[in-house]
Amino acid sequence: MFKITKSDLTKKTDAQLSALFQQAVIGLSAAKSDRAAAQMLLAMIRAERANRHRPYAPG
């Protein structure tokens, strides 16, 4: 159902990530066979959004 990589997510806007998140949630409720794929996508989106909102700390 979802063929998205972490690299794909970094190229998405916040609005696109939100829309994709909604699609994954709908996928969770619609088809149990794609549950694992939808859960993985949700986790990847959460991680990408967290990375974007983490304060920059120069090393």
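Summarised in this report is the structure supplied together with it.

Each value, and the rule that gives it
Residues numbered from 1 in each chain as written. Predicted model: local features only at pLDDT ≥ 70, side-chain atom pairs only at ≥ 80, totals over all residues. Heavy atoms only, no water. Helix = DSSP H or I, 4+ residues; strand = E, 2+ residues; numbered from the N terminus. Buried < 20%, exposed > 50% of the residue type's maximum accessible area, 1.4 Å probe, protein only. Contact = heavy atoms within 4.5 Å. Areas by Shrake-Rupley, 256 points an atom, 1.4 Å probe, with all protein chains shown as cover. Core = buried A, V, L, I, M, F, W, Y, C linked by side-chain atoms within 4.5 Å. Salt bridge = Lys/Arg side-chain N within 4 Å of Asp/Glu carboxyl O. Expected span 1.5 Å × (residues − 1). Arc of directions from axis to C-beta.

Now for the overall build of the protein. A tally of helices and strands in the protein yields three helices and zero strands. Secondary structure elements in the protein, listed N-terminal to C-terminal, are α-α-α. Within the protein, buried positions represent 20% of all 59 residues. Looking at the protein alone, contacts between residues at least 24 apart form 67% of all its contacts between residues at least 6 apart. For the protein, the accessible surface area stands at approximately 4400 Å², while carbon and sulfur atoms represent 57% of it.

Below, the discussion takes up the nonpolar core. Membership of the largest hydrophobic core is limited to nine residues, which are Leu 9, Leu 17, Leu 20, Ala 24, Leu 28, Ala 38, Leu 41, Leu 42 and Ile 45. Counting residues per element, the ones that place at least two in this core are α2 (14–30) and α3 (35–52).

A few words now on the pattern of salt bridges. Applying the stated criterion to the full structure yields two salt bridges. Between Arg 52 and Asp 14 there is a salt bridge, with the nearest N and O atoms lying 3.0 Å from each other. Highlighted residues: Arg 52 in helix α3 and Asp 14 in helix α2, separated in sequence by 38 residues. Residue classification places Asp 14 among the partly exposed positions, given a relative accessible area of 34%. Residue Arg 52 pairs with Glu 48 through a salt bridge whose shortest N-O separation is 2.8 Å. Residue Arg 52 and its partner Glu 48 are located together in helix α3, separated by four residues, close to a single helical turn. Taking relative accessible area as the criterion, Arg 52 reaches 29% and is therefore assigned partly exposed.

Another point: α3. Look at α3: 26 Å from first C-alpha to last across 18 residues, which is about the 26 Å you get at 1.5 Å a residue. Within α3, burial applies to Ala 38, Leu 41, Leu 42, Ile 45 and Glu 48. Looking straight down α3, one finds its buried side chains confined to an arc of 130°; they lie on one side. More than 90 degrees from the buried face of α3, the exposed residues found are Ala 36 and Met 40.

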